[in-house]
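Examining the three-dimensional arrangement
In case you want the letters, here they are:
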Amino acid sequence: MTRRNTATIVFVTLCVVLVAAAVTLNIGWIYVHGRSLLALVLGVTAFALIIAGIIVYTVFLVRELHRNDQQDAFLNAVTHELKTPIASIRLYLQTLQSREVSEAQRADFYRIMLDDADRLQQTVEQVLKAGAASQRVGLQHRAPVDVGLLAGEVLEVARLRHHLTADTLTLAVIAPEGAVVEGDAEQLRSVFSNLIDNAVKYSHDRVQVAMEVAVPSPTQVRVRVVDQGAGIPQAQLKRIFRRFHRFQWRGSKVKGTGLGLYIVRSIVRQHGGRVYATSDGEGRGSTFTIELPRLETT
């Protein structure tokens, strides 16, 4: 049991004791001053305020302790995400400096170092985007965005990044009249990239991810990312979009900062849409659905 868990139990117990003491005092007050209506009203009112204050204070304190736990977990995750690629790059640079290697090995070292540099950049960008999302700043740039074309570009980059074949990442665009929204193309690119990367990471060895762009109504564009991976328990479907929240699947060793889905939700909301997840449970895959207001084109 961690120190914070112990502190939480202590504060909850203290709250119960204080409430019990307040109830006892109030009963005594009523017993002594029961014949005086004014004293009775004052006593009951004071009792209600004391109880409410104790409960609110305890709830606030427990929430802050939980938030501190999440922030500690976030710092540990970010430290790992930064430390690992830095150590890898340093190792390969030292190897190149200390001895001669063949051209094939040199090219392989460069490729690995570039991958590690990309990982570092993604981590830094996630932290910066999460900070911007917490400021609740509106969209700075608005322009028509063809969601189908953007999704195709994101999938192509994901195939290259994860070294996947075309049949493992598929795209279906069901929008005869165009799936166009008004928004920031780079931010939406970040949304789709986060969802695709998550789907690939949690698919483990059986990557099969399908992305669908559709126009279910004249006023809406819908984007779905479906995988056959680890799945999500029902109790976690809403929590996974919270900042710093990370759910560790059983047997999973996937690392992360707990910011990706928080960024996704923040950006989608800035575009006037919503995002939600569905799953039949662990090991049964998951579906992430984004609904955005459609821009009517003439």
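1. Overview of the pairing of strand E4 (residues 209-217)
- Examined bridge by bridge, strand E2 (residues 169-174) and E4 share six bridges and lie parallel to one another. Note that in E4 the partner of Thr-170 across the bridge is Ala-210.
- With six bridges connecting them, E4 and strand E5 (residues 220-227) associate as antiparallel partners. The residue of E5 that forms the bridge with Ser-217 is Gln-220.
- Counted between consecutive antiparallel strands, the loop separating E4 from E5 contains two residues.

2. A word on the nonpolar core
- Core analysis: the largest hydrophobic core is formed by 41 residues, its most contacted members being Phe-192, Ile-196 and Ile-290.
- Mapped onto this core, the elements with two or more residues apiece are helix H4 (147-162), helix H5 (185-201), E4, E5, helix H6 (260-270), strand E6 (274-279) and strand E7 (286-293).
- When residues in this core are grouped by element, the largest group, seven residues, is from H5.
- Counting eight residues, the second largest nonpolar core, distinct from the first, contains Ile-89, Phe-109, Ile-112 and Met-113.

3. Points about H5
- Across its 17 residues, H5 extends 24 Å between first and last C-alpha, which sits within 8% of the 24 Å expected from 1.5 Å per residue.
- Counting buried residues in H5 gives twelve out of 17 residues, a clear majority hidden from the surface.
- The complete set of buried residues in H5 reads Leu-188, Ser-190, Val-191, Phe-192, Ser-193, Asn-194, Leu-195, Ile-196, Asp-197, Asn-198, Ala-199 and Val-200.
- The N-capping residue of H5, defined by a side-chain oxygen 3.0 Å from the backbone nitrogen of Glu-186, is Asp-184.

4. Points about the side chain of His-271
- Inspection of the secondary structure assignment puts His-271 in the loop between H6 and E6.
- Polar side-chain contacts of His-271 include one of 3.0 Å to the backbone nitrogen of Asp-184.
- Side-chain polar atoms of His-271 contact the backbone oxygen of Ile-267, separated by 2.9 Å.

5. Looking at the packing of aromatic side chains
- The tally for this structure, following the rule as stated, stands at two aromatic pairs.
- Seen in terms of ring centroids, Tyr-92 and Phe-109 are 4.8 Å apart; in terms of plane orientation they differ by 50°. Their pairing is tilted. Of this pair, Tyr-92 sits in helix H2 (residues 37-98) while Phe-109 sits in helix H3 (residues 103-134), placing them 17 residues apart in sequence. For the pair formed by Tyr-92 and Phe-109, the shared burial category is buried.
- Summarising the aromatic geometry, the rings of Phe-241 and Phe-288 are spaced 6.1 Å apart at their centres and angled 75° between planes, so their arrangement reads as edge-to-face. With Phe-241 in the loop between E5 and H6 and Phe-288 in strand E7, this pair connects stretches of sequence that are 47 residues apart. Both residues of the pair, Phe-241 and Phe-288, belong to the buried class.

Cut-offs applied
Residues numbered from 1 in each chain as written. Predicted model: local features only at pLDDT ≥ 70, side-chain atom pairs only at ≥ 80, totals over all residues. Heavy atoms only, no water. Pairing = 2+ DSSP bridges. Helix = DSSP H or I, 4+ residues; strand = E, 2+ residues; numbered from the N terminus. Core = buried A, V, L, I, M, F, W, Y, C linked by side-chain atoms within 4.5 Å. Buried < 20%, exposed > 50% of the residue type's maximum accessible area, 1.4 Å probe, protein only. Expected span 1.5 Å × (residues − 1). Polar contact = N/O pair within 3.5 Å; in protein donor to acceptor, adjacent residues only side chain to side chain. Phe/Tyr/Trp six-rings, centres within 6.5 Å; stacked < 30°, edge-to-face > 60°.

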